[in-house]
Amino acid sequence: QIPKDPVQQQLREFAALSQQLQRVHPNVLAKILKQGTVYQNEEIVVINKPYGVPVHGGPGVKNCIADVLPILAKMLENMRAEPLHLCHRLDKETTGVMVLARSKEAAEKIRLLFKTRQVEKFYWAIVLGDPDPAEGIVEIPIMEKEVQSHQSHYKMTLAPSYRLCPEDGKVVRIRRNRNAESAVTRYRRLAGASACSLLELQPITGVKHQIRVHLAYGLGCPILGDHKYSHWSKLAPQKLPELTLRRLKLEQSKARHLPLHLHAHRLCLPLGQPIELVCKLPLFFQKTLRKLELDIAED
């Protein structure tokens, strides 16, 4: 049954495509990654990671980037080549700049740069609502917690260091939870329209799902298509504002097909000379920007 509405058709095709990438032959996935190569030198290869492909394998994962790195290395080097090495990770639904190393030594060097926060990372995200203020820093520790609901599950969430005292309304410091990790995210609004905003984000730390949690629970502006962090206690599709649905020509009942709009846009790698790496936005992200009239000149 093909939906008559072109938008729903497009969303259905998009969901099918990301599932397809999970099922294709590893050689085909390696070829797609090769086509998405944005930079290479004797130490590194940089790809524009496609949507819906996990970096690591796991239960139910047929294809992942880690598994096709030896094939990709051969495609880039014509036959004999040492397999490429992962230097950092991106979530399955995140697109954009991904650095691979040509040798174990280079990989260790780059991993250390990430670990010691010497790599500058800039993401772009379309979010619901308007952050107030339009520019700032979210600095709230994050931890994983079990959500008690009809379907119990685990989520990352905020573990604030302060709370308001109910008696006198004063701010009091709370004892830090030993499972909480420090998390700092800089954000800046680039454009706003249709009850949404386009933000540039710079995670200073690298906690799991940090940007998604800081935006949804810290700023109250969840990422468009982030069905996991749009609610706390339930697993349900994101509820979209009327104006956003109208501009996207989408019914609320079909919102669950919306992909996560989070893109690793730019990365500055201090390898001798700093290397500036930029990945252009995926097509679905560009189309959403146009539909929502979030006008910005992309570098």
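Numbers given to residues run from 1 along each chain, matching the order in which its sequence is written. In keeping with the predicted nature of the model, local features appear solely for residues at pLDDT of at least 70, side-chain atom pairs appear and are counted solely at 80 or more, and the whole-chain, interface and lining totals rest on all residues. Only hydrogens and water are set aside when side-chain values are computed; all heavy atoms of the structure are taken into account.

In this structure, Ile126, Leu201 and Leu215 are the most contacted members of the largest nonpolar core, which totals 57 residues. Each domain span listed reflects an automatic or database assignment of domains. Lining this core are residues from two domains, each supplying at least three of them: domain 1 (1–116) and domain 2 (120–293). Not counting chain neighbours up to four residues away, the residues in contact with Ile126 comprise Cys196, Ser197, Leu198, Ile223, Leu224, His261, Phe285, Thr288, Leu289, Leu292 and Leu294. One finds Val99, Ile110, Leu271 and Leu277 within the second-largest nonpolar core, a separate group that totals 18 residues. We define a nonpolar core as any set of buried Ala, Val, Leu, Ile, Met, Phe, Trp, Tyr and Cys residues linked to one another through side-chain atoms lying within 4.5 Å. For every residue, the accessible area obtained with a 1.4 Å probe (protein chains only) is divided by the maximum for its type, and the residue is called buried under 20%, exposed over 50%, and partly exposed between those limits. Pairs of residues are marked as contacts when any of their non-hydrogen atoms sit within 4.5 Å.

When its domains are assigned, the protein chain resolves into domain 1 (1–116) and domain 2 (120–293). Relative placement of domain 1 and domain 2: their C-alpha centres are 23 Å apart. Note on terms: buried area is the combined drop in 1.4 Å-probe accessible area of two parts once they are placed together, counting the loss on both. Overall, the association of domain 1 and domain 2 removes approximately 2400 Å² of surface from exposure, summing both partners, and the carbon and sulfur fraction of that is 69%. In what follows, salt bridge is the name for a side-chain nitrogen of Lys or Arg lying within 4 Å of a carboxyl oxygen of Asp or Glu. Joining domain 1 to domain 2, the criterion identifies 1 salt bridge. For Arg212, the salt bridge identified is with Asp91, shortest N-O distance 3.4 Å. For this analysis, a polar contact is any N or O atom pair within 3.5 Å, provided that within protein one partner can donate a hydrogen and the other can accept it, and provided that sequence-adjacent residues contribute only side-chain to side-chain pairs. Here domain 1 and domain 2 share 7 residue pairs in polar contact (both at pLDDT 80 or more) between them. Helix and strand labels come from DSSP, where a helix needs a run of H or I of at least four residues and a strand needs a run of E of at least two; each type is numbered from the N terminus. Counting residues per element, the ones that place at least two in the side of domain 1 that touches domain 2 are helix H1 (6–23), strand S1 (37–40), strand S2 (44–49), strand S4 (95–101) and helix H4 (104–115). Take the side of domain 1 that touches domain 2: its biggest share by element is 5 residues, from H1. Amino acids outside the nonpolar list (Ala, Val, Leu, Ile, Met, Phe, Trp, Tyr, Cys, Pro) and the charged list (Asp, Glu, Lys, Arg) are all regarded as polar, and Gly is one of them. Grouping the amino acids of the side of domain 1 that touches domain 2 by side-chain chemistry returns 15 nonpolar, 8 polar and 5 charged.

This part takes up the pairing of S4. Extensive coverage of S4 is indicated by the burial of 7 of its 7 residues. For two strands to be treated as a pair, DSSP must find no fewer than two bridges joining them. The pairing of S2 with S4 spans 6 bridges and is antiparallel. Paired with Val46 across the two strands is Val99, which belongs to S4. As paired strands, strand S3 (residues 85–86) and S4 are joined by 2 bridges and run antiparallel to one another. Looking at the pairing, Leu86 lines up with Leu100 of S4. Of the strand pairs in this sheet, S4 and strand S13 (residues 262–271) are connected by 2 bridges, and their pairing is parallel. Within S13, the position partnered with Gly96 by the bridge is Ala264.

A separate point is the environment of Ser230. The topology assignment puts Ser230 in the loop between helix H5 (210–218) and helix H6 (242–248). Counting along the chain gives 80 residues from Ser230 to His150, while the straight-line C-alpha distance between them is 17 Å. Ignoring anything within four residues of it in the chain, the contact list for Ser230 reads Pro222 and Gln238. Polar side-chain contacts of Ser230 include one of 2.6 Å to the backbone oxygen of Asp226. Here the side chain of Ser230 touches Gln238 through a polar contact of 2.9 Å, side chain to side chain.

Relative to the helices and strands, Asn63 is located in the loop between S2 and helix H3 (65–77). The exposure class assigned to Asn63 is buried, which follows from its relative accessible area of 3%. Along the chain, Asn63 and Pro26 lie 37 residues apart, while their C-alpha atoms are 6.8 Å from each other. Polar side-chain contacts of Asn63 include one of 2.6 Å to the backbone oxygen of Val24.

Taken together, the side chains of Tyr162, Leu164 and Val171 define a hydrophobic patch exposed on the protein surface, amounting to about 340 Å² of accessible area. Mapped onto the elements of the fold, Val171 is located in strand S10 (residues 171–173). Taking relative accessible area as the criterion, Val171 reaches 59% and is therefore assigned exposed. Candidates for patches are residues over 30% relative accessible area with no salt bridge; among them, like charges are joined within 9 Å and nonpolar side chains (Val, Leu, Ile, Met, Phe, Trp, Tyr) within 5 Å. All accessible-area figures derive from a Shrake-Rupley calculation using a 1.4 Å probe, and residue coverage is judged against the displayed protein chains alone.

The next subject is the packing of helix H2 (residues 26–35) against H3. Packing of H2 against H3 brings their axes to within 8 Å, and their N-to-C directions diverge by 65 degrees. One way to sum up the angle between H2 and H3 is to call them roughly perpendicular. Here H2 and H3 pass one another in a crossing that is right-handed. Here H2 contributes Pro26, Asn27, Leu29, Ala30, Lys31, Leu33 and Lys34 to the contact with H3, which in turn contributes Ile65, Val68, Ile71, Leu72, Met75 and Leu76. Every angle, taken between N-to-C directions, lies between 0 and 180 degrees, and every axis is a line fitted to C-alpha atoms, over only the stretch in contact when it is a helix. Each angle gets one of four labels, with under 35 degrees taken as roughly parallel, over 145 as roughly antiparallel, 65 to 115 as roughly perpendicular, and the rest as oblique. Rotating anticlockwise by less than a right angle from the far helix to the near helix defines a left-handed crossing, while the corresponding clockwise rotation defines a right-handed one.

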